[in-house]
Amino acid sequence: MGATSAIFLGLCRAGDRVVAARQLYGGTHSLLAHILPRYGIEAALVDVDDFEGIDRSLEGAKLLYCEIIGNPRITVADLPRLAEIAGAHRVPLIVDNTFASPILCRPIEHGADISVHSATKFLGGHHDLLAGIVCGPPALLEPIADLARELGPVLSPFNAWLTLRGLATLQLRVERSCATALRIAELLESHPRVNAVDYPGLPSNPSHGLAHALLGGRGGGTLGFDVSGGIEGAANFQGRLSLIKRAASLGGTHSLIVHAASITHTQLTPQELEAAGITPGFCRLSVGLEDPEDLIADLTQALD
């Protein structure tokens, strides 16, 4: 969260207001809803596809923020449309590109002004570093860098080396993860114990068209699905998994699964969870590099 915090605190001052998509990582939601107000910065949350609502909310705002693939419902943001709206209000569009990585999307090429990554995820790719990266034009980055130098969210040399090591295999890992994730999504979509699957690579998904337009037709390496039986059903299912591990990170060599409401989005109230579409049985699966057949077998036995 250091890079994201530096963006907001570097570009905004007390009395400013920002607009963000509602489909966000729980930590980012907490930053917007609870931390920024301590600095006198107000945040308005709007559904990422509510373009009229975003347009209205941007009046007098300082910036627009979204995730290219929203966490955890895996909703793809229409970056060209959002860039057009932000441009009309003369505010920067800032995009968290963590779930896509530069292999699937480069937001600045689609109208964004700043792209931010949790390098802990796909860029590093091995579950062994903490890092954040902010990309954009020098004029916008200067106040962010100034704040980072003062407050400390600066990448350490060793974590920088680990990130560079990860970049060497980034394309291979992302392509493998995407291919396996699609196979798993197809399996889960037809399973009787799964109520719904959120994955842009599926033709049935509302974000499928945007995945073709912005992600090269790929759906990413992370998917979400609602297990029948609510919280208890999801807990029983995850407890039976053996190859897939229960952990909150993503984008690495190992497949990881979380129960969103109780792990990644605990900062949200029941009403906020409902508004974000996070059901009691919702699980987020980050697909790693294991053999696809082994992952499918693990999921199948745990669901059955």
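Residues numbered from 1 in each chain as written. Predicted model: local features only at pLDDT ≥ 70, side-chain atom pairs only at ≥ 80, totals over all residues. Heavy atoms only, no water.

(A) Seen up close, the overall build of the protein. Summing up its helical and strand segments, the protein has twelve helices and eleven strands in all. Expressed as lengths along the three principal axes of its C-alpha atoms, the size of the protein is roughly 55 × 40 × 35 Å. A burial count over the protein gives 53% of its 304 residues as buried. Sequence separation of 24 or more characterises 72% of the internal contacts of the protein that already satisfy a separation of 6 or more. For the protein, the exposed area adds up to about 12,800 Å²; of that, 54% sits on carbon and sulfur atoms. Measuring between centres, the 22 positive side-chain charges of the protein sit 4 Å from its 32 negative side-chain charges. (Helix = DSSP H or I, 4+ residues; strand = E, 2+ residues; numbered from the N terminus. Buried < 20%, exposed > 50% of the residue type's maximum accessible area, 1.4 Å probe, protein only. Contact = heavy atoms within 4.5 Å. Areas by Shrake-Rupley, 256 points an atom, 1.4 Å probe, with all protein chains shown as cover. Lys, Arg positive; Asp, Glu negative; His and termini not counted. Charge placed at Lys NZ, Arg CZ, Asp CG, Glu CD.)

(B) A look at the nonpolar core. If you look at the biggest cluster of nonpolar residues, it comprises 65 residues, and the most contacted ones within it are I68, L215, L223, F225 and F237. No other element matches the seven residues that helix α8 (residues 170–189) contributes to this core. The next biggest cluster of nonpolar side chains, apart from the first, holds 21 residues, and it includes L9, L36, I114 and L141. (Core = buried A, V, L, I, M, F, W, Y, C linked by side-chain atoms within 4.5 Å.)

(C) Geometry of the packing of helix α1 (residues 2–11) against helix α6 (residues 138–151). For the pair α1 and α6, interaxial distance at closest approach is 8 Å and the crossing angle is 110 degrees. The angle between α1 and α6 places the two elements in the roughly perpendicular class. In this structure, α1 meets α6 at a crossing whose hand is right-handed. From α1, S5, A6, I7, L9, G10 and L11 reach across to α6, where they touch L140, P143, I144 and L147. Of the residues assigned to the contact of α1 with α6, the class counts are eight nonpolar, two polar and no charged. (Axes fitted to C-alpha atoms, helices over the stretch in contact; angles between N-to-C directions. Parallel < 35°, antiparallel > 145°, perpendicular 65-115°, else oblique. Left-handed = near helix turned anticlockwise from the far one by under 90°. Nonpolar A, V, L, I, M, F, W, Y, C, P; charged D, E, K, R; others polar.)

(D) Spotlight on helix α12 (residues 292–303). Between its first and last C-alpha atoms α12 spans 17 Å; for twelve residues at 1.5 Å apiece the expected length is 16 Å, and the two agree. Within α12, burial applies to P292, L295, I296, D298, L299, A302 and L303. Looking straight down α12, one finds its buried side chains confined to an arc of 160 degrees; they lie on one side. Packed against the buried residues of α12 are α8, β7 (194–198), α10 (230–240) and β11 (282–286). For α12, the capping residue at the N-terminal end is D291, with a side-chain oxygen 2.8 Å from the backbone nitrogen of E293. (Expected span 1.5 Å × (residues − 1). Arc of directions from axis to C-beta. Polar contact = N/O pair within 3.5 Å; in protein donor to acceptor, adjacent residues only side chain to side chain.)

(E) A look at the side chain of E290. Counting through the fold element by element, E290 comes out in the loop between β11 and α12. One buried charged residue, E290, forms no salt bridge at all, with the nearest opposite charge on R176 at 7.4 Å. For E290, the residues in contact, after removing those within four places along its chain, are R176, L243, T253, H254, S255 and L295. (Salt bridge = Lys/Arg side-chain N within 4 Å of Asp/Glu carboxyl O.)

(F) Layout of a negative patch on the surface. A contiguous patch of negative charge on the surface is contributed by D49, D50, E52, D55 and E59. In this structure, D49 sits in the loop between β2 (42–46) and α3 (51–57). Overall, D49 belongs to the exposed group, its relative accessible area being 54%. (Patch = residues over 30% accessible without salt bridge, like charges linked within 9 Å, V, L, I, M, F, W, Y side chains within 5 Å.)

(G) Main features of the packing of aromatic side chains. One pass over the full model with this rule turns up three aromatic pairs. Between F158 and W161, the ring centres sit 6.2 Å apart and the planes meet at 10 degrees, which makes this aromatic pair stacked. Here F158 pairs with W161, and both are found in helix α7 (residues 157–167), just three residues apart, close to one helical turn. For F158, a relative accessible area of 54% translates into the label exposed. With 5.8 Å between their ring centres and 75 degrees between their planes, F225 and F237 make a pair best called edge-to-face. Here F237 lies in helix α10 and F225 lies in strand β8 (residues 222–227), a separation of twelve residues in the sequence. Overall, F225 belongs to the buried group, its relative accessible area being 0%. Since its relative accessible area comes to 0%, F237 is described here as buried. (Phe/Tyr/Trp six-rings, centres within 6.5 Å; stacked < 30°, edge-to-face > 60°.)

(H) The environment of L147, seen in detail. Following the sequence through the fold, L147 ends up in helix α6. Measuring from C-alpha to C-alpha, the distance between L147 and L11 comes to 9.5 Å, with 136 residues separating the pair along the chain.

(I) Geometry of the pairing of strand β10 (residues 256–259). Residues L256 and V258 point to one face of β10 and I257 and H259 to the other, with burial holding for every one of them. With two bridges joining them, strand β9 (residues 245–246) and β10 adopt parallel strand pairing. Bridge assignment links R246 to a residue of β10, and that residue is I257. Alignment of β10 against β11, held across four bridges, turns out to be antiparallel. Across the sheet, V258 pairs through a bridge with R284, a residue of β11. (Pairing = 2+ DSSP bridges.)

(J) The arrangement of the sheet that holds strand β1 (residues 17–21) in detail. A sheet is described by the order of its strands in space; here six strands give the open sequence β2-β1-β3-β4-β5-β6, paired in mixed fashion. Taken across any chain shown, the strands that pair with only one partner, and hence form the sheet edges, are β2 and β6 (132–135). Between one strand and the next, the sheet's axes are offset by a mean angle of 20 degrees, whatever the strand orientation. Pairing analysis gives three bridges linking strand β4 (residues 93–96) to strand β5 (residues 114–118), with the strands arranged parallel. Bridge pairing in β5 links V95 to S115. On the sheet, helix α2 (residues 26–35) packs against β1, β2 and β3 (64–67) and is oriented at approximately 135 degrees with respect to β2. Across the sheet, helix α4 (residues 79–88) lies against β3 and β4, angled at about 150 degrees from β4, the strand it touches most.

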